[in-house]
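Spelled out, the chains give:
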Amino acid sequence: MSTPPPLASGPEGPAALRPLLDTVLDALAAGTRARRGPLPAGGPEEVAARLALATGDILPATGDPDALRILVHALAAGAADPADPLCAAHLHCPPLAVATAADLAVSALNPSLDSWDQAPAAAALEARVTRTLARAAGLADALVTTGGTESNQLALLLARETHGAGVRLVCGANAHHSLPRAAWLLGLPEPVVVPAPSGTLDPAALDQALTTLSGPLLVAATAGTTDAGLIDPLPEIAALCAAHRTRLHIDAAYGGGLLFSDRHRDQLAGLEAADTVTLDLHKLGWQPVAAGLLALADPGEPAALHQSADYLNADDDTEAGLPDLLGRSLRTTRRPDILKIAVTLKTLGRTGLGALVDQVCARAREFAALIAAHPGFELYDRPAISTVLFRPTDATDAEVAAVRRTLLHEGRAVLGRARLDGRLWLKATLLNPRTGPDDLAQLLKLVEGTTTG
Ligand SMILES: *Cc1c(COP(=O)(O)O)cnc(C)c1O
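Bear in mind the structure is a predicted one, so any value in this text is a computation, not a measurement.

Undergrad: Is there a simple way to think about unusual backbone geometry in this case?
TA: Negative phi characterises most residues that are not glycine, and trans characterises most peptide bonds. Here the bond from Val 289 into Ala 290 is cis, since omega is 5 degrees, no more than 30 degrees from zero. Among the secondary structure elements, Ala 290 is positioned in the loop between β6 (276-280) and β7 (292-296). In the Ramachandran plot, Arg 36 falls in the positive-phi region, its phi being about 55 degrees despite a non-glycine side chain. Secondary-structure assignment places Arg 36 in the loop between α1 (13-35) and α2 (43-55). Residues other than glycine seldom take positive phi values, yet Arg 245 does so here, at roughly 50 degrees.

Undergrad: Is there a simple way to think about the pattern of salt bridges in this case?
TA: Between side chains of opposite charge, a pair can form when the charged atoms approach closely. The final tally for this structure, using the stated rule, is 20 salt bridges. Here Asp 141 makes a salt bridge to Arg 328, at a shortest N to O gap of 3.4 Å. Note that Asp 141 is positioned in strand β1 (residues 141-145) and Arg 328 in the loop between α11 (315-319) and α12 (338-372), a separation of 187 residues in sequence. Arg 328 carries the same exposure label as Asp 141, and that label is buried. Between Asp 397 and Arg 419 there is a salt bridge, and its shortest N-O distance comes to 3.1 Å. Taken together, the positions of Asp 397 in helix α13 (residues 397-410) and Arg 419 in strand β10 (residues 416-420) put the pair 22 residues apart, joining distant regions of the chain.

Undergrad: Which parts of the structure should I look at to understand the sheet that holds β6?
TA: Sheets are built from strands that pair by backbone hydrogen bonding, the pairs being arranged parallel or antiparallel. A sheet is described by the order of its strands in space; here 7 strands give the open sequence β1-β7-β6-β5-β4-β2-β3, paired in mixed fashion. Strands at the two margins of the open sheet, each flanked by one partner only, are β1 and β3 (192-194). Neighbouring strand axes in the sheet, compared pairwise and without regard to direction, differ in orientation by 20 degrees on average. Here 5 bridges tie strand β4 (residues 217-222) to strand β5 (residues 247-252), and the two strands are oriented parallel to one another. By the bridge assignment, Ala 220 is partnered in β5 with His 249.

Undergrad: Is there a simple way to think about the site of the ligand in this case?
TA: Surrounding the ligand, one finds 13 residues, the nearest of these being Thr 149, Asp 251, Asp 280, His 282 and Lys 283. Contact between the ligand and His 282: an oxygen atom at 2.7 Å from a side-chain N or O atom of the residue. Between Lys 283 and the ligand, the recorded distance is 3.0 Å, taken from a side-chain N or O atom to an oxygen atom. Summarising the interface, the protein chains cover 85% of the accessible area of the ligand, which totals 380 Å² for the free molecule. Sorting elements by how many residues they give to the shell around the ligand places helix α6 (residues 148-163) first, with 3 residues. Here the residues of the shell around the ligand sort into 2 nonpolar, 8 polar and 3 charged.

Each value, and the rule that gives it
- Residue indices begin from 1 for each chain and proceed along its sequence in written order.
- At least 70 in pLDDT is required for a residue's local features to be given in this predicted model, at least 80 for side-chain atom pairs to be given and counted, and no such filter applies to totals for whole chains, interfaces and linings, which use all residues.
- The basis for every side-chain value is the complete set of non-hydrogen atoms in the structure, without hydrogens or water.
- A run of DSSP states H or I qualifies as a helix once it reaches four residues; a run of E qualifies as a strand once it reaches two. Both are numbered from the N-terminal end.
- Just to be clear on terms, a salt bridge is a Lys or Arg side-chain nitrogen sitting within 4 Å of an Asp or Glu carboxyl oxygen.
- Only protein chains enter the accessibility calculation, which uses a 1.4 Å probe; a residue whose area is less than 20% of its type maximum is buried, one above 50% is exposed, and one in between is partly exposed.
- In this description, strands pair whenever DSSP reports at least two bridges between them.
- Lines are fitted to the C-alpha atoms to define the axes, a helix being fitted only along its stretch in contact, and any angle between axes, read from their N-to-C directions, falls within 0 to 180 degrees.
- In these notes, residues near a molecule or strand are those with any non-hydrogen atom within 4 Å of it.
- The term polar contact refers here to a pair of N or O atoms within 3.5 Å; inside protein, the definition further demands a hydrogen-donor-capable atom paired with an acceptor-capable atom, and it admits residues adjacent in sequence only when both atoms are side-chain atoms.
- Note on areas: these come from Shrake-Rupley sampling with a 1.4 Å probe, and a residue is covered only by the protein chains present in the view.
- Each residue is assigned to one of three groups, with Ala, Val, Leu, Ile, Met, Phe, Trp, Tyr, Cys and Pro labelled nonpolar, Asp, Glu, Lys and Arg labelled charged, and all others, Gly among them, labelled polar.

Structure (structure tokens):
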């Protein structure tokens, strides 16, 4: 029998990994060169055909020692690369190299946060970092999630466990789809959707809804809408919730990153009044996916998630002092996403992270100014965070949609789309702190060329 392949951890792990990492890094470089742009040209069919040709039989009878190089190359050659300044559609950030390097250590050690005996240091690190981040948001503690969707689900679940299964979600028409979806998943009453005519939740309409509705309610506000990066009037909403004695959740999946910036933190005033806050550091936090958090005002609320499983948290183990981790998530096996977050926070510090936030916000303002000054384009509004919506002047919605798809098909730029004011807009979500003014001028030229050509 042949010897089993090398393992990633243990005394021999690093030596086994080193040459493999060289292979990965070389294949990343070669694949990125082969792509020659922010995403692969040719559209879905060509990309799938090239991938099939490059990768061949994925489960051959006998293994291929070149598989790592082949597959990493294929993935990079066919990637939409958020580190390319012309890749700016979504809240899809380019991860920091230091965060990605930290994540490698997690993959190598493979701690699992469902019991202390699988993750002694990782559990202690998570407890420290979640409290630090929660306090930065003015709350007490935080649970780690896979992102905004899971955070919003947990927020609704904790509201249900606190106020009963009749708790009704009241959110703006601008709220993320994961909120009504979580209400559906949890079997809560049909949500009440309050108008958001200017892209943010209208406090007068919210006040009216809270006055008319009966039964327990959960108001969900948004700090950084997915479509436009707009921030609901949080202090007014928090005051209304206090007056009506209503629970408040704030979805700051996008805007939460502003907490790191001295210049922009004021826009989040009111966050500290929430019962729960969704944060998502794989957006304005430059983390590889996944890096979500749900911050909590009452650190006792996760008691509702408690589970007993003798093999993970036997009562006598807990009494003897082994931390019970099962109640900190709905998942069982759970990767310590906290390590890359901790490494990033400590490497950059508040100032370093704040500078990244300021950088992308400044770029968005410059891009908006460029558009406003261009007779061929219409600007939706001044950006509140780092999202810029624009459209070619006098274009139809179908033409706007076609511009986006042409750029995607040619592999030249990745722009998003958003429907606001009853019209379709092109969306640039700027999350790359290395993007410069020249890149944005080039992006606008590309759109211009596609519109007229
Ligand atoms: C992105 C986003 C979410 C969902 O987060 P995922 O990490 O994609 O699950 C929720 N709310 C808002 C406002 C978002 O922008």
